[in-house]
Amino acid sequence: MENHIKINGAREHNLKNIDVEIPHGKHTVISGVSGSGKSTLAYDIIYAAGQKRLLDCLSEQVKMFSSQLKQPDINYIKGLTPVVSLKQYKPRKNPRATIGTLSELSTYLRYLYSLIGHGSCPYCNKKFPVRSLSYLIKELQKLPEMTIVELQFPVYKNKSKKYDQFFAQLRARGYKKIEIDGERKDLRDWIQIDQDPESIMVVASKIQIKEEFNRSDIKAVQKSIEEGHGFIRIVIPDLEERRKCESFFQKHGCPEHGIFVADILPSFFSFNDLNSACDECNGTGITKTAYPTMVVKDKKKSLKDGALFPDFCNKRQAFKYLRMYSLAKHYGFSFEKPFDALPDYAKDLIFYGTKKETFPLLRPDDYTKELPRYIAQLGEQVEFEGIINQINREYQESKGRELKNWEKDFYDRFMVNERCQSCHGTRLKPQRQYIHINDYSYYQLGNMELKDLKNFIEDIEIPVEKEEALLPVIDEVRSRLNSLVEIGLDYISLNRRADTLSGGEYQRVRMAGQIDSDLMGLTYIIDEPTVGLHGTDNEKVINLLEKMCAQGNTVITIEHDLDIIKRADYLIEMGPAAGVNGGQIISSGTVEEVIKNDKSVIATFLNSEDNSIDDKKFSFEKNNSIRIVCAKENNLKNIDVSIPLNSLVCLTGISGSGKSSLGIEILYKALWSKLHDPRVIPGKHKHIEGLEKIKDVYCIDQSSVGNSPRSTPATYIGIFDRIRDIFAATDDAIKYNLDHKSYYSFNSKGGCPSCKGMGYLDSHIHYLGDLQTTCPECKGNQYSEEVLEVFYKGKNIKQVLELDFAEALSFFEDNEYIHHKISYVCDLGLGYMKLGQPTNTISGGEAHRLCLAKEIGKVRGTKNMLYIMDEPTTGLHSKDIKRLIKAIRSLIRNGNSVLVIEHNTDVIKDADYIIDMGPGAGKHGGEVVVAGTLHDIIACPESKTGQYIITT
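Residues numbered from 1 in each chain as written. Predicted model: local features only at pLDDT ≥ 70, side-chain atom pairs only at ≥ 80, totals over all residues. Heavy atoms only, no water.

Draft legend 1. Layout of the overall build of the chain. A count of helices and strands for the chain gives 34 helices and 34 strands. Counting only C-alpha atoms, the chain reaches 100 × 85 × 65 Å along its principal axes. Across the 952 residues that make up the chain, the buried fraction comes to 53%. In the chain, once contacts between residues fewer than 6 apart in sequence are set aside, the share between residues at least 24 apart is 70%. Of the accessible surface of the chain, which amounts to about 43,800 Å², a share of 47% is contributed by carbon and sulfur atoms. (Helix = DSSP H or I, 4+ residues; strand = E, 2+ residues; numbered from the N terminus. Buried < 20%, exposed > 50% of the residue type's maximum accessible area, 1.4 Å probe, protein only. Contact = heavy atoms within 4.5 Å. Areas by Shrake-Rupley, 256 points an atom, 1.4 Å probe, with all protein chains shown as cover.)

Here's what the structure looks like:
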């Protein structure tokens, strides 16, 4: 076997026909400035070649249904082993994907609960063993013969369902009697329920105890257990006979309430199983509900003039308008005053109705529209259920049928997702919460932080008779938990949704899974494993990478973090610059060899021992700040936080300490709700002082800029429309009757009709993949021939798109708007990028800076903006970070404020004010450890951020 992966003549994207050797069984870091070709080498060459060779090994039938793979542009690659990609990306929105399902720990824990879980009475918490159906029947047969036994099972009503609907469903299933808090009721009668009862039992059937049960008796018991989802109530009506059977109830169930549990399977705890999932939310844990602020269109207007959306009150719909007027008159609040001036009781009536009370329908003197004859007329008594109740009712009634587009739009406008009120977010039927291990239900176990769960598993006592079945399960759970804890994810829980993880957290969950697989001889490609990780936790990632190598695997990471680079076995540095000026290997070898290489850029940073702290002066002005009061979202512990304006504020702290909860969930969403969309619900807090000082807010996070080959940087930053307008106004355009901007979009009229504006043709050749050939009609120019005859300053539209941003800056110097937007792209070091480059070919670091340039370019000199940036250094080389800081400082000089959520020490050192969260993660975090200047942070011994800066 080859000792290296050998690549010869790599020419993909910007690679300059390079030759590379990567040692097997070692940790190799690929570094270099953003856009230098790191991802191209790792993913578009090594990973793509590995996938291609995997497909070579499959059968022809499998190949027919496999994705088409493009052959990388290389001479050859040798010594390649099976390749696994751990690329960093945000998981897709899917409420069913959790940490438990990703790590497969949920599967093992479900098995654990089905084997050693014990039952608890829902009404008195009495604990008793879980029995099998056959065992329970055998024990029943031991009762005194001729004893009459009544079989019942508990049922639970969904919060959104009315009792008459609930009882109707039970009648439809053939049941006639129920017991409500011990009182027998006939389902054929009208049953009045004033408040939710403690228990509802369905009377299923009666059996008589005999030495051997017949088939119908066994089926009766089995059906009651199935209908009760594992729970059955056994009632012996005769008191004398009940006393004789006391030992049966004491030994196997709850003697007070007669509850027994039987036949619990692993699927009993799966929210993806239809029989186990909550009937209300179908296992997602969330339901839609109408929200009061969403139905108010303009709180400054009166009900008469359109405070509410027209769907609920408008002059064109006579009955709705007159009913709202009548409601105001009857209950004594104004129909003409602004909505926000109405008393609370009036708003409560509008949102939640009169609760069956009626009032006469009246008409205002200035309203003449007639009422339709088929509805209530003037003077008649009407009731009002309330706007919120009406929307919720109609939504519940719509379930079970396909919604029309207008209905979907309606519910999306006025409803939000919230925790399911029936299962309270557990996703499971209520019965599942009464199966415990050491007093913890399956859901409660899933809510534990992983480090606490690890301790819980260590303390479980396994019955001797079940050791053979359970020891392998316990060992697997321990192994997987250890991997997740060791990689720095000890603060998360198994119930946490996967789509709430950052890209870095999601990647580390997958890395831990690879360690647990115990596979060897693989090549792992990992994209920036330290992203989102506090510097003090880097050692955990390094240990995991070394463990993967120790298992006999080859690990290739794309990384900028100096801690990771210094510990690498082999280093490949791409450069010397980005884009067309990159794509070369400027140094390679061990870290010591690269440091000695005069051509190396990273060597400067590896050699640097400068740990000086600027003596920066900063004066906190209370009058020029905003203050978040009583922040309680997620793990935040009712904290008050002040954030100075017109400065660079850095929100720091270890992963899971509450930074994103404070900066994005509360501050950003509160501002966005106030300034743009009241339907956005901010995180839990009391109020925020000083919001009026902010004119607008922008959040720049790790979202992708697009994966379509038809999207370009020019389109993304918003200049392509203006460029098309310029071409449409030229003399050539008027001359050739091409004076509409749609002709200058390759996605529209102006695109080549042969290749549909792509510039190439795809030939779908079975198994060999998509063969891309230059379009013979437009010769790769994407546009039709007549459009290319239109020139502006000597260039046609295709030639303009071929300009890089540095060239375009001078080309459009006379157009203030375009020049302004392009200047920010160049300031962030993306001058080499072409205006028409497909966005699906740009790197992660480039995408982040392009997003930043787009948001900064929106302001055009305005002041009092707040920029919230979530880890803007992701994918950036140390050299690029300096450009980023420079761009941030220009924003602040223009009178704006910047809040950065960041771990990078270069950004932290440059900050005017730092808010360090912690001290730990999860329930051990959520507090402000220290806030102040860099000197204040360093002087605080409890600050992990400050202590890490001292040592770097």
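Draft legend 2. Representation of the sheet that holds strand E33 (residues 913-918) within the structure. Read from one edge to the other, the open sheet built from 6 strands follows the order E28-E31-E32-E26-E33-E34, with strand pairing classed as mixed. Only two strands of the sheet have a single partner each, and these edge strands are strand E28 (696-700) and strand E34 (927-932). Each strand of the sheet is rotated relative to its neighbour by a mean of 15°, with strand direction disregarded. Of the strand pairs in this sheet, strand E26 (residues 648-652) and E33 are connected by 4 bridges, and their pairing is parallel. Bridge pairing in E33 links Leu651 to Ile915. Seen against the sheet, helix H31 (residues 878-893) touches E26, strand E31 (865-870) and strand E32 (897-901) and runs at an angle of roughly 145° to E32. (Pairing = 2+ DSSP bridges. Axes fitted to C-alpha atoms, helices over the stretch in contact; angles between N-to-C directions.)

Draft legend 3. Structural detail: the side chain of Ser647. Its location among the elements puts Ser647 in the loop between strand E25 (639-644) and E26. A distance of 3.4 Å separates the side chain of Ser647 from the backbone oxygen of Pro644, its partner in a polar contact. Contacts of Ser647, omitting those with residues within four sequence positions, involve Phe618, Ile892, Asn896, Ser897, Val898 and Asp912. (Polar contact = N/O pair within 3.5 Å; in protein donor to acceptor, adjacent residues only side chain to side chain.)

Draft legend 4. Just the domain arrangement of the chain, in detail. Per the domain assignment, the segments of the chain are domain 1 (4-90 + 502-607), domain 2 (125-263), domain 3 (288-418), domain 4 (622-705 + 843-951) and domain 5 (713-804 + 812-829). The straight-line distance from the C-alpha centre of domain 2 to that of domain 4 is 57 Å. (Domains from an automatic or database assignment.)

Draft legend 5. Here's a closer look at the nonpolar core. One finds Leu112, Leu453 and Ile457 to be the most contacted residues of the largest nonpolar core, which totals 74 residues. Residues from two domains meet in this core; each of domain 1 (4-90 + 502-607) and domain 2 (125-263) gives at least three. Excluding anything up to four places from it in sequence, Leu112 contacts Gly117, Ile437, Ile457, Ile460, Leu470 and Ile474. (Core = buried A, V, L, I, M, F, W, Y, C linked by side-chain atoms within 4.5 Å.)

Draft legend 6. The confidence of the model for the chain, seen in detail. When the pLDDT values of the chain are averaged, the result is 87; 94% of them are 70 or greater. Counting interchain partners and residues more than four positions distant, the pLDDT-below-50 stretch residues 765-769 has 18 contacts. (pLDDT = per-residue confidence, 0-100.)

Draft legend 7. Representation of the pairing of strand E24 (residues 625-631). For E24, the tally of buried residues reaches 6 of 7 residues, placing the bulk of the element in the interior. Two elements, E24 and E25, share 5 bridges in a ladder whose sense is antiparallel. Following the sheet pairing, Ile626 is matched in E25 by Ile643. Pairing of E24 with strand E27 (residues 687-689) involves 3 bridges; the strand directions are antiparallel. The residue bridging Ile628 from the neighbouring strand is Ile688, located in E27.

Draft legend 8. Spatial organisation of unusual backbone geometry. The amide bond that connects Gly575 to the next residue, Pro576, takes the cis arrangement and shows omega of 0°. Looking at the element boundaries, Pro576 is found in the loop between strand E22 (570-575) and strand E23 (584-589). Look at the link from Gly918 to Pro919: it is a cis peptide, with omega at 0°. One can find Pro919 in the loop between E33 and E34. Of note, the phi angle at Asn646 is positive, near 55°, even though the residue is not glycine.

Draft legend 9. A look at a positive patch on the surface. A cluster of basic residues, Arg419, Lys632, Lys684 and Lys686, forms a positive patch on the protein surface. For Arg419, the position within the fold is in strand E17 (residues 415-419). (Patch = residues over 30% accessible without salt bridge, like charges linked within 9 Å, V, L, I, M, F, W, Y side chains within 5 Å. Salt bridge = Lys/Arg side-chain N within 4 Å of Asp/Glu carboxyl O. Lys, Arg positive; Asp, Glu negative; His and termini not counted. Charge placed at Lys NZ, Arg CZ, Asp CG, Glu CD.)

Draft legend 10. Inspection of the environment of Glu198 at higher detail. If you trace the backbone, Glu198 turns up in the loop between strand E10 (183-186) and strand E11 (200-208). Judged by relative accessible area, Glu198 falls into the exposed class, the value being 55%. Along the primary structure Glu198 and Thr604 are separated by 406 residues, whereas in three dimensions their C-alpha atoms are 71 Å apart.

Draft legend 11. Geometry of the packing of helix H4 (residues 105-116) against helix H17 (residues 467-486). One way to put it is that H4 packs onto H17 with a least axis distance of 10 Å and a crossing angle of 145°. Handedness of the crossing formed by H4 with H17: left-handed. Contacts between H4 and H17 involve Leu105, Tyr108, Leu109, Tyr111, Leu112, Leu115 and Ile116 on the former and, on the latter, Ala469, Leu470, Val473, Ile474, Glu476, Val477, Arg480, Leu481 and Leu484. Across the contact of H4 with H17, the residue classes tally to 14 nonpolar, no polar and 2 charged. (Left-handed = near helix turned anticlockwise from the far one by under 90°. Nonpolar A, V, L, I, M, F, W, Y, C, P; charged D, E, K, R; others polar.)

Draft legend 12. Structural view of the pattern of salt bridges. A complete count under the given rule lists 45 salt bridges for this structure. Across the pair Asp311 and Arg413 runs a salt bridge whose closest N-O atoms are separated by 3.6 Å. Of this pair, Asp311 sits in the loop between helix H10 (292-295) and helix H11 (318-331) while Arg413 sits in helix H14 (residues 405-414), and the two are 102 residues apart along the sequence. Among the ionic pairs, Asp814 bridges to Lys793, the shortest N-O distance being 3.1 Å. Placement of Asp814 in the loop between helix H28 (805-811) and helix H29 (816-827) and of Lys793 in the loop between strand E30 (769-774) and helix H27 (797-801) is noted, with a sequence separation of 21 residues between them. When its relative accessible area of 53% is taken as the criterion, Asp814 is described as exposed. We classify Lys793 as partly exposed; its relative accessible area is 43%. By sharing partners, the salt bridges in this structure join Glu150, Glu179, Arg184 and Arg233 into a single network.

Draft legend 13. Expanded view of the environment of Thr952. Note that Thr952 resides in the segment after helix H34 (944-951). Assessed through its relative accessible area of 34%, Thr952 is described here as partly exposed.

Draft legend 14. Here's a closer look at the packing of aromatic side chains. Here the structure, examined in full by the defined rule, presents 33 aromatic pairs. Arranged with centres 5.0 Å apart and planes meeting at 85°, the rings of Phe811 and Phe812 form a pair that is edge-to-face. The two residues Phe811 and Phe812 agree in class, both being buried. Members of the aromatic cluster, joined through ring pairs, are Phe309, Phe312, Tyr395, Phe410, Tyr411 and Phe414. Across the ring face of Phe268, the terminal group of Arg432 is positioned such that the distance to the ring centre comes to 3.5 Å. Sitting over the face of the ring of Tyr817, Arg722 holds its NZ or CZ atom 3.7 Å from the ring centroid. (Phe/Tyr/Trp six-rings, centres within 6.5 Å; stacked < 30°, edge-to-face > 60°. Lys NZ or Arg CZ within 6 Å of the ring centre and 35° of its normal.)

Draft legend 15. Fine view of H31. Compared with the 22 Å implied by 1.5 Å per residue over 16 residues, the 23 Å span of H31 between its first and last C-alpha is a close match. Within H31, the full set of buried residues consists of Ser878, Asp880, Ile881, Leu884, Ile885, Ala887, Ile888, Arg889, Ser890, Leu891 and Ile892. Just downstream of H31, Gly895 is the residue with a positive phi angle, here 95°. (Expected span 1.5 Å × (residues − 1).)

Draft legend 16. Quick look at the sheet that holds strand E19 (residues 440-441). Strand order across the open sheet formed by 4 strands is E7-E6-E18-E19, with antiparallel pairing between neighbours. At either end of the open sheet lies a strand with only one pairing partner, and these are strand E7 (127-128) and E19. Across 2 bridges, strand E18 (residues 435-437) lies against E19 in antiparallel orientation. Directly across from His436, in E19, lies its bridge partner Ser441. Set on the sheet, H4 makes contact with strand E6 (118-120), E18 and E19; between it and E18 the angle comes to about 100°.

Draft legend 17. Up close: the packing of H11 against helix H12 (residues 344-352). Contact pair H11 / H12: the axes reach a minimum separation of 11 Å and the direction vectors enclose 145°. Of the two elements, H11 crosses H12, and the hand of that crossing is right-handed. Along its contact with H11, which presents Met324, Leu327 and Tyr331, the element H12 presents Tyr345, Leu349 and Ile350. Its residues assigned to classes, the contact of H11 with H12 comprises 6 nonpolar, no polar and no charged.

Draft legend 18. Region of the structure containing the side chain of Lys798. Here Lys798 shows up in helix H27. For Lys798, a relative accessible area of 11% puts it in the buried group. A polar contact is formed between the side chain of Lys798 and the side chain of Gln782, at a distance of 2.7 Å. Residue contacts for Lys798: discarding those within four places in its chain leaves Gly780, Asn781, Gln782, Tyr783 and Leu788.

Draft legend 19. Layout of a negative patch on the surface. A surface patch of like charges, here negative, comprises Glu777, Glu785, Glu786 and Glu789. Of note, Glu777 is situated in the loop between E30 and H27.

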